[in-house]
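Descriptive analysis of the structure
One letter stands for each residue in the lines below.
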Amino acid sequence: MNMKEKQKSPLISIIVPVYNVEKYLSQCLDSLIYQTYKNIEILCVNDGSLDNSKNILDKYLLKDNRIKVINQKNQGLSAARNTGIAHANGKYIMFVDSDDWLELETCEIAVCEAEKEEADLVFWSYTREYDKNSKDKLFFWEDKTIFGEEQVQQKLHRRLVGLIGEELSHPDYANALETAWGKLYLAAEIIENNVRFVDTAKIGTEDALFNLYVLGYVKKAIYVRQCFNHYRRDNSSSLTSTYKKNLFNQWQHLFELMNKYITEKKLPDVYKNALSNRIALSILGLGLNELDCQCNSFEKIKKIRKILINDQYREAYKNLELQYFPFYWKVFYGLAKNGNVLGVYLLLAVIKKIISR
């Protein structure tokens, strides 16, 4: 690519945290080096991998000079992404998890939309890859949706806090927009505003808070309905598939930080309502997590009961509007709202069996 072409084609910094993913890493990196859009830098942050991941990275380092490898002691996903941000040189930033992969035209279409529309953010749908099947996750129904500043706040920014009103008719979409991957960010919005990921160990899930902070500065966003990311759900070592014994306390801290942000930014009351609903709906994630605990059913029921009788959860359920939910979710959250611990436990067991198929 000559100098004129580079000026017309802004650099994308693709940040890839790497930790013990020898089984999947080559597929991920191949999907990046063979992108149809060529002006990219691939920042692989090796977060103290103990398997063959480092050797794989070294081979790709010789294969493609756009790859840069940064080795560090194990500090976790958030720290690895923050290291990548510190080394990013691009006009745009993308995050790709090292056990996932992209469609080859992802960067080209995303940067074209960003440049054409002068957008701060471009995001897209994704495909969940299970062992024996694939399922697409779509957010909006138009092939392309443009969000102006007011729409960004009402339909994206606030939704990162939680669902309200008719949005509760699809509670399974509560976390759909939160992922850091599946997005092309204008780097200046992250770097100039000093937005960084909070440690997963402190808040349980880092993406929602990061995007809440970033979208507070976004003036224009573009949604492309195509499924560009392939999100692997058959990786048993993934952060999303292991029991997290501190998840309840971590999410309490996340809720505190969200509430602090809402208060400091003097955001409308609807944000507080959304956070209350987020707290109420989180019983699903917390409950499914407790089912992964290596303890007997009696202990699992005790743990779920402890959550349901928590004052914060009682208050959240008091305000939860059940009329918007589909029937089966209305039953589940109705049981939670009424403190029916055994009913919640039994339904969680059914849900877990369904989603693990």
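Just above sits the structure.
Let me begin by describing the structure that accompanies this report.

1. Here's the deal with the packing of helix H2 (residues 25–33) against helix H3 (residues 53–63)
Contact geometry for H2 and H3: axes closest at 10 Å, N-to-C directions at 25°. With respect to H3, the element H2 is oriented roughly parallel. Helix-helix and strand crossings are classified by hand; for H2 and H3 the assignment is right-handed. For the pair H2 and H3, the contacting residues are Leu25, Ser26, Leu29, Asp30 and Ile33 in the first and Ser53, Ile56, Leu57, Tyr60 and Lys63 in the second. For the contact of H2 with H3, the per-class residue count stands at six nonpolar, two polar and two charged.

2. Description of the packing of aromatic side chains
On inspection of all chains with the given rule, the structure shows 24 aromatic pairs. Within the aromatic cluster, the residues linked to one another by ring pairs are Phe123, Tyr126, Phe139, Phe140, Phe147, Trp181, Tyr223 and Tyr231. The aromatic ring of phenylalanine 95 is capped on one face by arginine 81, whose charged end is 5.8 Å from the ring centroid. Taking the ring centre of phenylalanine 197 as reference, the NZ or CZ of arginine 81 above it sits at 4.9 Å.

3. Comments concerning the nonpolar core
In summary, soluble globular proteins display a tendency toward joint burial of nonpolar side chains. Core analysis: the largest hydrophobic core is formed by 80 residues, its most contacted members being Phe95, Phe123, Leu156, Phe210, Tyr317, Phe332 and Tyr333. Per-element tally for this core: the top contributor is helix H10 (residues 247–264), with eight residues. Leave out the neighbours within four places in its chain, and phenylalanine 95 touches Ile15, Arg81, Ile85, Ala180, Trp181, Gly182, Tyr185, Phe197 and Phe210. Residues Ile12, Val18, Cys44 and Ala110 belong to the second largest nonpolar core, which totals 34 residues.

4. Remarks on H10
With 18 residues, H10 should cover 26 Å at 1.5 Å per step; its first-to-last C-alpha distance of 25 Å lies within 8% of that length. Inspection of H10 places Leu247, Gln250, Trp251, Gln252, Leu254, Phe255, Leu257, Met258, Tyr261 and Ile262 among the buried residues, and these make up the whole buried set. Those residues of H10 that are buried lie in contact with helix H6 (149–157), helix H8 (200–203), helix H9 (207–215), helix H11 (269–281), helix H12 (283–291) and helix H14 (311–319). Looking one or two places after H10, you find lysine 266, whose phi comes out positive at around 55°.

5. What about unusual backbone geometry?
Phi is positive for asparagine 20, which is not a glycine, with a value near 50°. For asparagine 20, the position within the fold is in the loop between strand S1 (12–18) and H2. Asparagine 20 sits in the partly exposed class, given a relative accessible area of 25%. At glutamate 118, a residue that is not glycine, the phi angle is positive and equals roughly 55°.

6. Quick word on the pairing of strand S9 (residues 183–186)
Both faces of S9 are covered, namely the face carrying Lys183 and Tyr185 and the face carrying Leu184 and Leu186. Of the pairings in the sheet, the one linking strand S4 (residues 92–95) to S9 comprises three bridges and is antiparallel in character. Looking at S9, one finds that tyrosine 92 is bridged to leucine 186. Examined bridge by bridge, strand S6 (residues 121–129) and S9 share three bridges and lie antiparallel to one another. Paired with leucine 121 across the bridge in S9 is tyrosine 185.

7. A few points about a nonpolar patch on the surface
A cluster of nonpolar residues, Phe327, Tyr328 and Val331, forms a patch on the protein surface that exposes about 360 Å² of accessible area. Secondary-structure assignment places valine 331 in helix H15 (residues 327–337).

So, how was this worked out
Residues numbered from 1 in each chain as written. Predicted model: local features only at pLDDT ≥ 70, side-chain atom pairs only at ≥ 80, totals over all residues. Heavy atoms only, no water. Axes fitted to C-alpha atoms, helices over the stretch in contact; angles between N-to-C directions. Helix = DSSP H or I, 4+ residues; strand = E, 2+ residues; numbered from the N terminus. Parallel < 35°, antiparallel > 145°, perpendicular 65-115°, else oblique. Left-handed = near helix turned anticlockwise from the far one by under 90°. Contact = heavy atoms within 4.5 Å. Nonpolar A, V, L, I, M, F, W, Y, C, P; charged D, E, K, R; others polar. Phe/Tyr/Trp six-rings, centres within 6.5 Å; stacked < 30°, edge-to-face > 60°. Lys NZ or Arg CZ within 6 Å of the ring centre and 35° of its normal. Core = buried A, V, L, I, M, F, W, Y, C linked by side-chain atoms within 4.5 Å. Buried < 20%, exposed > 50% of the residue type's maximum accessible area, 1.4 Å probe, protein only. Expected span 1.5 Å × (residues − 1). Pairing = 2+ DSSP bridges. Patch = residues over 30% accessible without salt bridge, like charges linked within 9 Å, V, L, I, M, F, W, Y side chains within 5 Å. Areas by Shrake-Rupley, 256 points an atom, 1.4 Å probe, with all protein chains shown as cover. Salt bridge = Lys/Arg side-chain N within 4 Å of Asp/Glu carboxyl O.

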